[in-house]
Amino acid sequence: TQLLEQSPQFLSIQEGENLTVYCNSSSVFSSLQWYRQEPGEGPVLLVTVVTGGEVKKLKRLTFQFGDARKDSSLHITAAQTGDTGLYLCAGSNTGNQFYFGTGTSLTVIP
Amino acid sequence: ETGVTQTPRHLVMGMTNKKSLKCEQHLGHNAMYWYKQSAKKPLELMFVYSLEERVENNSVPSRFSPECPNSSHLFLHLHTLQPEDSALYLCASSQEVVGNSYEQYFGPGTRLTVT
């Protein structure tokens, strides 16, 4: 089983603060995705990273893929209440195989 | 809007009922998935279809029966479910991004309650 561990599991911060969420594995992935999920809805794809060391920015969100393609991080700058949700990472390899992380539940307090 | 739709969005059924969940993707993808998401648990992969053939079945009880009539449609037929089957059922489709790298797109889910 190619398990992805996310940390922290829960995070509660004030609006305007910065935060980082981590996704770690002992397995190598050809690509890694980050999703945000709101209660009662499906996960929404935020980004896909495919190259070791790759950094992608999506407005206030910065995603990094580890050099060895085993881990990733998501950094949010100046968090807003709209960032509240469950953040999931998922690694994929050859074929249509996806391995999901345990999730980080983020609450941004106004 | 994700391009993957699911119906119904909410379903309440008794343990003796038979119902079906429907998923449709409008993205031209060739792989589709069913996941189960229970409270405080990671996403559980149930079934994978690639080019309309089932390629993975993760030891799912036979009371769940998938059907993929074409690359755009996926069904999950339910019968004689148990209360512990109550969960959010998510459908997804995927495409290759570049060189064996894939990304998935999810539908909004069906919230199933078994009474």
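Residues numbered from 1 in each chain as written. Chains lettered and ligands numbered in written order. Predicted model: local features only at pLDDT ≥ 70, side-chain atom pairs only at ≥ 80, totals over all residues. Heavy atoms only, no water.

## Quick notes on the overall build of chain B
Next, step 1: Broken down by element type, chain B carries 0 helices and 11 strands.
Next, step 2: Secondary structure elements of chain B occur, N-terminal to C-terminal, as β-β-β-β-β-β-β-β-β-β-β.
Next, step 3: Against the globule reference of 13 Å for 115 residues, chain B gives a C-alpha radius of gyration of 14 Å, in line with a compact fold.
Next, step 4: Considered along the principal axes of its C-alpha atoms, chain B spans approximately 45 × 25 × 25 Å.
Next, step 5: Residue burial in chain B is summarised as follows: out of 115 residues, 49% are buried.
Next, step 6: A fraction of 52% describes how many contacts in chain B between residues 6 or more apart in sequence connect residues 24 or more apart.
Next, step 7: Just so you have it, chain B exposes about 5,500 Å², and 48% of that area is on carbon and sulfur atoms.
Next, step 8: In chain B, which carries 10 positive and 11 negative side-chain charges, the distance between the mean positions of the two groups comes to 13 Å. (Helix = DSSP H or I, 4+ residues; strand = E, 2+ residues; numbered from the N terminus. Rg over C-alpha atoms; globule rule 2.2 N^0.38 Å. Buried < 20%, exposed > 50% of the residue type's maximum accessible area, 1.4 Å probe, protein only. Contact = heavy atoms within 4.5 Å. Areas by Shrake-Rupley, 256 points an atom, 1.4 Å probe, with all protein chains shown as cover. Lys, Arg positive; Asp, Glu negative; His and termini not counted. Charge placed at Lys NZ, Arg CZ, Asp CG, Glu CD.)

## Overview of the state of the cysteines
Next, step 1: Evaluation of the coordinates by the stated rule reveals 2 disulfides over all chains.
Next, step 2: Disulfide partner of C23 of chain A: C89 of chain A, at an S-S distance of 2.0 Å. For the disulfide bridge between C23 of chain A and C89 of chain A, the dihedral angle about the S-S bond is near 75°, and by the sign convention the bridge is right-handed. You can see C23 of chain A sitting in strand β3 (residues 19-24) and its partner C89 of chain A sitting in strand β9 (residues 85-92), a full 66 residues away along the chain.
Next, step 3: By relative accessible area, C23 of chain A is classed as buried at 0%.
Next, step 4: On the basis of relative accessible area, C89 of chain A is assigned to the buried category, the value being 0%.
Next, step 5: Shown here is the disulfide that connects C23 of chain B with C91 of chain B, its sulfur atoms set 1.9 Å apart. Across the disulfide from C23 of chain B to C91 of chain B, rotation about the S-S bond amounts to roughly -75°, and the bridge is consequently left-handed. Note that C23 of chain B is positioned in strand β3 (residues 18-25) and C91 of chain B in strand β9 (residues 87-98), a separation of 68 residues in sequence.
Next, step 6: Among the residues examined, C23 of chain B registers a relative accessible area of 0% and is labelled buried. (Disulfide = S-S within 2.5 Å.)

## Here we look at the nonpolar core
For soluble globular proteins, nonpolar side chains are generally found buried alongside one another.
Next, step 1: If you look at the biggest cluster of nonpolar residues, it comprises 22 residues, and the most contacted ones within it are W34, F64, L76 and L78 of chain B.
Next, step 2: Residue assignment for this core shows that the elements contributing at least two residues are β2 (10-13), β3, β4 (31-37), β5 (44-50), β7 (64-70), β8 (73-79), β9 and β11 (110-114) of chain B.
Next, step 3: In terms of nonpolar packing, the next biggest core, distinct from the first, is built from 21 residues, L19, C23, V47 and F65 of chain A among them. (Core = buried A, V, L, I, M, F, W, Y, C linked by side-chain atoms within 4.5 Å.)

## Observations concerning the pattern of salt bridges
Residues and elements named next belong to chain A.
Next, step 1: By the definition in use, this model includes 4 salt bridges over all chains.
Next, step 2: When the shortest N-O distance is used, the salt bridge between K56 and E54 registers 3.8 Å.
Next, step 3: Among the residues examined, K56 registers a relative accessible area of 31% and is labelled partly exposed.
Next, step 4: Note on E54: relative accessible area 17%, which makes it buried. (Salt bridge = Lys/Arg side-chain N within 4 Å of Asp/Glu carboxyl O.)

## Quick look at the sheet that holds β7 of chain B
Residue and element names in this part refer to chain B.
Next, step 1: The strand order β1-β3-β8-β7 describes an open sheet built from 4 strands, whose pairing is antiparallel. Every interior strand has two partners, whereas the edge strands, β1 (4-7) and β7, have only one. Along the sheet, successive strands turn relative to each other by an average axial angle of 20°, direction set aside.
Next, step 2: The pairing of β3 with β8 spans 7 bridges and is classified as antiparallel. Counterpart to L21 in the pairing with β8 is L76. (Pairing = 2+ DSSP bridges. Axes fitted to C-alpha atoms, helices over the stretch in contact; angles between N-to-C directions.)

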